[in-house]
Every structure is written in structure tokens, then in C-alpha cells.
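# Structure at a glance
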Amino acid sequence: MKSREIRLTQHFTGPVKPEYFEMTEVDLPDPQAGQIQVKNAWLSVDPYMRGRMIGIKTYVDPFQVGQPMEGGAVGQVVKSNAEGFSEGDWVMSMNGWREGWTASAEGVTKIDTNLLPAEAYLGIAGLTGMTAYVGIKKMIGLKEGETLWMSAGAGAVGSAGIQFAKAMGAKVLATAGGDEKTAFCKELGADAVVDYKAVDDLSAAVREAAKPLGGIDAYFENVGGDHLQAALDAIKAHGRMAVCGMIARYNDNEPLPGPTNLTQIVAKKLTLQGFIVSDHFDVYSDFVSDLSNWMMAGKVKTRDTVFEGIDKTPDAFMGLFTGANIGKMLVKL
Ligand SMILES: NC(=O)c1ccc[n+]([C@@H]2O[C@H](COP(=O)([O-])OP(=O)(O)OC[C@H]3O[C@@H](n4cnc5c(N)ncnc54)[C@H](OP(=O)(O)O)[C@@H]3O)[C@@H](O)[C@H]2O)c1
């Protein structure tokens, strides 16, 4: 079987450009003992991948130049030489950015496509949903009746988070860029929505919109920059923040000064908790159980933005930084 794959041409800082990616075709070997050969059907592109393109080790190793990159993928087993895997099985792996692969079956998870569509395991029922769940439930400990500000509300984590917080009995203020995205946040159940691109003073706009909700008790940080500055200003005393990501900063050429109002952390006695989802599999079974209940009760819906073809994977990835997605950004092969 032949497979086309996307490789990184160089490590870089600053905005992502098409020339940092190249596509190569390879012949896949037959699986050795313990290996399987898989034809990917869906690939995930995620903002955290940007950090792996800089070339320095953070909480995860950098991508290697000239090698296929890694990322979430779901597909079907074509050939198996591993116990427990048969031709036709649907599996989830980290062997993304490529059409197919032959590799060890270790760490590969079988998925049930009778339960949910395959691509949902890269979105709400996968690490994306789990990220929203960990942030809201474990980092913030959101309580019924409280108000959560969900930033990047129309994105993958954000759209899951709005619905999870509502299902937990909380109120939600969402921020997102543009009319279509703000309408989507409302459709998901957000009680108030602010289009951050349409306001001059984000803090004032959020405070005003949060008044009928009793103010902001907790903030889910996906963006950084002006959003963090506004959140520090707008949040109530004893507020809690789950610091999940800061996408507005990932393409910086050099470190920029942080918010000018960090003293609010002291004055308001705030709690800021950063987290990486993969450290929190202790709540995975709670996540699956809550998500199943919410789905059966019709409280959770999904929306994806889909690019088609392996050659479009870099475009899908770059689109995360221009806001090209509503819901989860995916590539269909
Ligand atoms: N800690 C963890 O374990 C973990 C796991 C998964 C994800 N994350 C983080 O969670 C956040 C959301 O990830 P996701 O996968 O759900 O992505 P996403 O929200 O689906 O996509 C990114 C969105 O970010 C917004 N954005 C991009 N550049 C921006 C900028 N300069 N200023 C303001 N908004 C900007 C855009 O929405 P608008 O058009 O509305 O601006 C864009 O659609 C990211 O920060 C990511 O790194 C963390």
C-alpha cells in the first residue's frame, strides 16, 4: 500500500507558512509481528501541534524535520499481525498527517463506530471533549448556578465546554470572533455571547454582558493576550481560571510582555490552574459516563469543519490560527 504523508521542512517561529510543509509518497511495508497496517479516514489538526514545530522540547518532544508529523487519527485496519486486531477494525492512533501507516499496535485504541461516527473520537468524544471536561470539572470545579466565561467558544474545546457547563447547571458567557460564531455559541446554549472582534474594550463588554448572569465566577482560558487581560479585570473575587491554552501567542516571533493587570490575582485572590489533558486520565471514566448521559439526554451536539484530502492538512492546520473553523477542525481522507 502507498501512503502520502506530510513532513515538516524546518523548525520555525512566527506565523505558519505553507512552505514549512511538504508531501511525500512512501510504500508501506507489510506488518511485522505485533504490527498493524491502517488506512486513515480522518485526521485531527490541533493548536498544540504548533508548539512541536518550534524545535524545542516543552511537555512533549518537537516534531522531527523530514519525518511525518504525529497527530490524532482514526482509520481502519487493512492488515494485522497483532493479537486482538483484525482487518476492518476501526482504530484511533497518533499516526496522523498521513494516509496510512504500518506500525506497532501498542498504544492504538479500538473505537466503536456503531456508537458514534469515527470522527467524533477525534472531537467531543476524544481528547477535545476530555480537555473541556477536565478544565471545567477538575481545574475549576464549576458549580451549579455559577457563571463560566468560555473563550474561543465556537472552537472545538470551547463548543464542547459551553455544552458541558450548561449540562452541569451553570450559566455560560462565551466569546468568539464574528456573527456566525456568536450565533453558533447561542445555539449551543450560551446565555450571553460577545463577539470579541466587534468590541473596543473586551473587559467592559464582558462585564456588561455578564451582569444579568451575576458576574463571572470562572474563566476557561483558550486564547491569552487581550482575553487574559480582560478576564483578570472582569472576573469576581475568588474567581478560578482553568488555563488550557493561549492560541493568540503561539505564532509570536518572540516572547511578548504579559497582561499589565496581574496584580488582580492578588487583589481578587484568584486561582489560576494550568493543565495538560493527558495528565488527567483519572477522570476519563467520569467523562465517558457524563458525556454518554448528556448525549442520550440530547444535551450535546457537534459540528465539524472539514477539509478534504491529505494535501489540505496544512491548510486545515493554518486555519486554526485565522479562525477558519467552527467546532472541530478535521481532515477527511
Ligand atoms: N491543555 C491541554 O491539554 C489542551 C488540549 C487541547 C487544546 N488546548 C488548547 O485549547 C485551545 C483551543 O483548542 P481547540 O483545539 O479547541 O482549537 P479551536 O478553538 O477549535 O481553534 C482555534 C480557535 O482559536 C481562535 N483564535 C485563533 N487565533 C486567535 C487569536 N489570535 N486571538 C483570538 N482567538 C484566536 C479562533 O476562533 P475565533 O475565530 O473565535 O477567534 C480559532 O477558531 C487552544 O489554546 C489549545 O492550545 C489545550
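Residues numbered from 1 in each chain as written. Predicted model: local features only at pLDDT ≥ 70, side-chain atom pairs only at ≥ 80, totals over all residues.

### As for the overall build of the protein chain
Selection criterion: Strands are runs of DSSP state E lasting at least two residues, helices are runs of H or I lasting at least four, and both sets are numbered from the N terminus onward. Here the radius of gyration uses the C-alpha set of atoms, whereas the globule reference equals 2.2 Å times the residue count to the power 0.38. The exposure scheme places C-beta atoms from the backbone and then counts, for each residue, the other C-beta atoms within 10 Å of its own, assigning buried at 20 or more, exposed at 12 or fewer, and partly exposed in between.
Tallying secondary structure elements over the protein chain gives eight helices and 15 strands in all. Expected size for 333 residues packed as a compact globule is a radius of gyration near 20 Å; at 20 Å, the protein chain falls within 12% of this value. Each of the three principal axes of the protein chain carries a C-alpha extent, and together these read 60 × 45 × 35 Å. For the protein chain, buried positions account for 45% of its 333 residues.

### What about the site of the ligand?
This is how the line gets drawn: Any residue qualifies as near a molecule or strand once its backbone-derived C-beta atom lies within 6 Å of it. Residue classes follow a fixed rule: Ala, Val, Leu, Ile, Met, Phe, Trp, Tyr, Cys and Pro count as nonpolar, while Asp, Glu, Lys and Arg count as charged, and any other residue, Gly among them, counts as polar.
As a matter of local geometry, the ligand sits amid 29 residues, with Gly155, Ala156, Val157, Gly245 and Gly323 nearest to it. Elements supplying a minimum of two residues to the shell around the ligand: helix H1 (127-140) and helix H2 (156-167). Here the element with the most residues in the shell around the ligand is H2; it accounts for three residues. Its residues assigned to classes, the shell around the ligand shows 18 nonpolar, nine polar and two charged.

### Notes on the sheet that holds strand S9 (residues 171-176)
What counts is decided by this rule: The rule for pairing is simple: two strands pair if DSSP sees at least two bridges between them. Only the contacting stretch of a helix is used when fitting its axis, a line to C-alpha atoms as for every element, and angles between N-to-C directions run 0 to 180 degrees.
Taken in spatial order, the six strands make up an open sheet running S10-S9-S8-S11-S12-S13, and their pairing is parallel. Single-partner strands in this sheet number two, and they are strand S10 (192-195) and strand S13 (271-274). Each strand axis lies, on average, 15° off the axis of its neighbour in the sheet, ignoring direction. The pairing of strand S8 (residues 147-150) with strand S11 (residues 216-221) spans three bridges and is classified as parallel. Following the sheet pairing, Trp149 is matched in S11 by Tyr219.

### As for the domain arrangement of the protein chain
Filter applied, for reference: Here the limits of each domain have been adopted from an automatic or database domain assignment. Placing C-beta atoms from the backbone, we regard two residues as in contact once those atoms come within 7 Å.
For the protein chain, the assigned domains read domain 1 (2-122 + 303-332) and domain 2 (127-296). For domain 1 and domain 2, the distance between their C-alpha centres works out to 27 Å. With 17 residues of domain 1 at the interface, the matching set in domain 2 holds 16 residues. A per-class count over the side of domain 1 that touches domain 2 returns seven nonpolar, seven polar and three charged.

### A few points about the nonpolar core
Note the threshold: Buried Ala, Val, Leu, Ile, Met, Phe, Trp, Tyr and Cys residues form a nonpolar core when they are connected through C-beta atoms within 7 Å.
Counting residues in hydrophobic clusters, the biggest one holds 96 residues, and the most contacted among them are Ile136, Leu148, Ala165, Leu173 and Val206. Per-element tally for this core: the top contributor is H1, with eight residues. Lining this core are residues from two domains, each supplying at least three of them: domain 1 (2-122 + 303-332) and domain 2 (127-296). Look past the residues within four positions of Ile136 in its chain and what remains in contact with it is Leu142, Leu148, Gly161, Phe164, Ala165, Phe220 and Ala242.

### Thoughts on the environment of Asp195
With respect to the secondary-structure elements, Asp195 resides in strand S10. Residue classification places Asp195 among the partly exposed positions, given that 16 C-beta atoms sit within 10 Å. Linking Asp195 and Ala176, residues 19 residues apart in sequence, is a C-alpha distance of 5.3 Å. Apart from residues lying up to four places away in sequence, Asp195 is in contact with Ala176, Gly177, Gly178, Asp179 and Thr182.

### What to know about helix H4 (residues 202-210)
Just so we agree on the cut-off: The directions considered for the arc run from the helix axis to the C-beta atoms.
Residues Leu202, Val206, Ala209 and Ala210 constitute the buried set of H4. One side of H4 holds all its buried residues, which, seen down the axis, span an arc of 95°.

### Some details on the environment of Val277
Along the chain, the position of Val277 falls in the loop between S13 and helix H7 (284-296). Along the primary structure Val277 and Gln35 are separated by 242 residues, whereas in three dimensions their C-alpha atoms are 27 Å apart. In contact with Val277, other than residues within four places in its own chain, are Leu127, Met130, Thr131 and Val134.

### Some details on the packing of H4 against helix H5 (residues 226-234)
Put simply, the rule reads: In what follows, roughly perpendicular refers to angles from 65 to 115 degrees, roughly parallel to angles under 35, roughly antiparallel to angles over 145, and oblique to any angle outside these ranges. Crossings are assigned a handedness: left-handed for a near helix turned anticlockwise from the far helix by less than a right angle, right-handed for a clockwise turn.
Where H4 meets H5, the closest approach of the two axes is 8 Å, and the angle between their N-to-C directions is 45°. Taken together, the axis directions place H4 and H5 in an arrangement best described as oblique. Here the hand of the crossing between H4 and H5 comes out right-handed. Counted together, Leu202, Ser203, Val206, Arg207 and Ala210 of H4 and Asp226, His227, Ala230, Asp233 and Ala234 of H5 form the full contact between these two elements. Its residues assigned to classes, the contact of H4 with H5 shows five nonpolar, two polar and three charged.

### Details of the pairing of strand S14 (residues 304-308)
Applicable threshold: Orient the strands so they point away from the viewer, and a crossover whose first-strand-to-second-strand path over the helix runs clockwise is right-handed.
In this structure, S14 lies alongside strand S15 (residues 328-332), joined through five bridges in parallel fashion. In the strand pairing of S15, Asp304 is matched with Lys328. At this point the chain moves from S14, through helix H8 (residues 313-319), to the parallel S15, and the crossover so formed is right-handed.

### Some remarks on H5
Here H5 has its buried residues at His227, Leu228, Ala230, Ala231, Leu232 and Ala234. Residues of H5 that are buried make contact with S8, S9, H4, S11, strand S12 (235-243) and helix H6 (264-267).

### Concerning the packing of H1 against H2
In contact at an axis separation of 8 Å, H1 and H2 are set at 50° when each is read in the N-to-C sense. By the angle class used here, H1 and H2 are oblique. For the crossing formed where H1 meets H2, the hand is right-handed. Judged by residue contacts, Thr128, Gly129, Thr131, Ala132, Tyr133, Gly135 and Ile136 of H1 engage Ala156, Val157, Ala160, Gly161, Phe164 and Ala165 from H2.

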